[in-house]
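Per-entry structural report
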Protein chains: 2
Amino acid sequence: MQLMLEKGAAGGGLREQKKRATRAALAEAAVHLAAEHGAEKVTVEAISAAAGVSVRTFFNYFDSRDDAFVVIDEDAGARMRRAVLDAPAELSPLEVLREAMAAELAEVEQQHELWRLHAEVLHASPHLLARGLGAHMAAEADLAAAIAERLRGADRAGGADGPGGADGAGPRAGLYPRLLAAVAGAAVRTSVDHWSAHQEEADFLDVFREVFTLLAAGLPAPSA
Amino acid sequence: MQLMLEKGAAGGGLREQKKRATRAALAEAAVHLAAEHGAEKVTVEAISAAAGVSVRTFFNYFDSRDDAFVVIDEDAGARMRRAVLDAPAELSPLEVLREAMAAELAEVEQQHELWRLHAEVLHASPHLLARGLGAHMAAEADLAAAIAERLRGADRAGGADGPGGADGAGPRAGLYPRLLAAVAGAAVRTSVDHWSAHQEEADFLDVFREVFTLLAAGLPAPSA
DNA sequence: GTGCATCTTTGCATACCATGCAACTTATGT
DNA sequence: ACATAAGTTGCATGGTATGCAAAGATGCAC
């Protein structure tokens, strides 16, 4: 073997490449068929046929039919974790998340046609919307762990916690990182949702940064 | 007919009463069976048998098997909407949500045994967790609408928006209410999650209020 | 390039999920 | 008591999802 294969990136063996292609073909077929006929009327058989594989193979890639409509990028979580841990020490936790997520979401405007279709499909059937939103939060737990790790590192390097600090070893341990991850997730969803409804009027990243500005200000009433 | 029956409340006809009882029996049977044997091993047939109804009847109450594990209170959304609209005018939007949700969540500590079981079941199978989390957000959309309505009312009564106000009729219309609803939902989930992991150490409402304090402060780093 | 180990795909069998329909039973209003 | 509306049930049907074993690709060493 020549090099350690980078797991998440493109390339690698011919096998990995084919797997990625098949998975993408299935997901794309699912979304396109759903956009045309409505998600509930699209069978696994139809998706599989459109992607050129057997029904059984579909279930080798997705745990359920609905997953094909929902999953976009499965290893975004690992990249986010990296970004949080590698961020400059002087950034506040909220800023770290804003930058990490902004980097991750940069592709949204580039592949906006795919994202728009996705949003359309999910919005058309609340069942899938719920599933998609829920899927985002599995990642939030990992993200919270990354934030907690970063904060622990900062504590050790920067200065000691005051006694009874808000996130020491007391009963509130872990509350802040979890809240931060959950709120950041809420920020992403709100931004995407708003942007996909006003796509012509504003750049996505502008919306996204305005949302974090509101968060950092403590969510004050808009006209007070 | 004597009176318009209040739809959400207890009592009413004998029919409504039986329906509520059957639904509760199904949901409770589902959770208990799941806690004992694992959610994935519980069939609709088993749930129906435990509740004393036919399989077909199960599907008259729930759209899918998973719904039985997830749904707790289906008309909480309507109560929240009411609470938001009826809240005192001097409260900030964030405070309004805090109080409305605190009132709704008061029963968490009272029925904590059921909630603990629910949390256990959902946490044991990520699939259901995602579904449960997603379900919360259907409500968030309604909640956002209620917040927007309240803000419009306050605008008309209180004073004119400054030109370019953050939530006038411009491209950002509706962003703030949606963000607020999403963040409040995140706050609830984080609080419940944290509390169910540290149930002995803190009252739920204390955790909940601390979360909102963090939000109002703009989520600053814990030791800075 | 031959051959072996590994991974992937596929068909088949099986069980469960979910819905429409028609027949039957049970509340409700007059 | 009667008619009506509402809820329950069994049956038929089709889609969803998993285990298993055979066949086909791929990667690697020689």
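Keep in mind it's a predicted model, so treat the numbers as computed, not measured.

1. Some points on the relation of the copies chain B and chain A
Mapping chain B onto chain A calls for a rotation angle of 180 degrees and an axial translation of 0.0 Å; the resulting RMSD is 0.1 Å. Here the copies are linked by what is in effect a two-fold axis. A shared interface surface links the copies, since 100% of the contact residues of chain B are contact residues in chain A too.

2. Comments concerning the protein's contact with DNA strand D
Lining the immediate environment of DNA strand D, one finds 19 residues, of which A:Leu14, A:Lys18, A:Arg56, A:Arg65 and B:Thr57 sit closest. A breakdown of the atoms of DNA strand D within 4 Å of the protein gives sugar and phosphate a share of 61%. Contacts to DNA strand D include A:Arg56, whose side-chain N or O atom sits 2.7 Å from a base oxygen. Within the side chain of B:Arg15, one N or O atom sits 3.1 Å away from a sugar or linking oxygen of DNA strand D. Mapped by element, the contributors of at least two residues to the surface near DNA strand D are helix 1 (14–37) and helix 3 (55–61) of chain A together with helix 1 (14–37) and helix 3 (55–61) of chain B. Among the residues forming the surface near DNA strand D, the class breakdown is five nonpolar, six polar and eight charged.

3. Thoughts on the interface of chain B and chain A
A common way to state how big an interface is: give the accessible area lost once the parts meet. At the interface, 47 residues of chain B touch 48 residues of chain A. Between chain B and chain A, roughly 4,000 Å² of surface is buried when both sides are summed, and carbon and sulfur atoms account for 66% of that area. One can count two salt bridges joining chain B with chain A. In this structure, the salt-bridge partner of A:Arg178 is B:Asp193, at a minimum N-O distance of 2.4 Å.

4. Comments concerning the protein's contact with DNA strand C
With respect to spatial proximity, 19 residues lie near DNA strand C, and among them A:Arg15, A:Thr57, A:Tyr61, B:Leu14 and B:Arg65 are the closest. Atoms of DNA strand C within 4 Å of the protein: sugar and phosphate make up 59%, bases the balance. Within the backbone of B:Leu14, one N or O atom sits 2.5 Å away from a phosphate oxygen of DNA strand C. Here a phosphate oxygen of DNA strand C and a backbone polar atom of B:Asp63 are 3.4 Å apart. Elements with a minimum of two residues in the surface near DNA strand C: helix 1 and helix 3 of chain A together with helix 1 and helix 3 of chain B. Among the elements that take part in the surface near DNA strand C, helix 3 of chain A stands out by supplying four residues, more than any other.

5. Considerations on the confidence of the model for chain A
All names here are of chain A. Per-residue confidence for chain A gives a mean pLDDT of 83; residues scoring 70 or more make up 84%. Considering only residues more than four positions removed or in separate chains, one finds that residues 1–9, a stretch of pLDDT under 50, has six contacts. Contacts of residues 162–169 to residues separated by more than four positions or lying in other chains number 12 contacts, the stretch itself having pLDDT below 50.

Scoring rules and cut-offs
- Residues numbered from 1 in each chain as written.
- Chains lettered and ligands numbered in written order.
- Predicted model: local features only at pLDDT ≥ 70, side-chain atom pairs only at ≥ 80, totals over all residues.
- Heavy atoms only, no water.
- Least-squares fit on C-alpha atoms with pLDDT ≥ 70 in both.
- Contact = heavy atoms within 4.5 Å.
- Near = heavy atom within 4 Å.
- Polar contact = N/O pair within 3.5 Å; in protein donor to acceptor, adjacent residues only side chain to side chain.
- Helix = DSSP H or I, 4+ residues; strand = E, 2+ residues; numbered from the N terminus.
- Nonpolar A, V, L, I, M, F, W, Y, C, P; charged D, E, K, R; others polar.
- Buried area = accessible area lost by both parts, 1.4 Å probe.
- Salt bridge = Lys/Arg side-chain N within 4 Å of Asp/Glu carboxyl O.
- pLDDT = per-residue confidence, 0-100.

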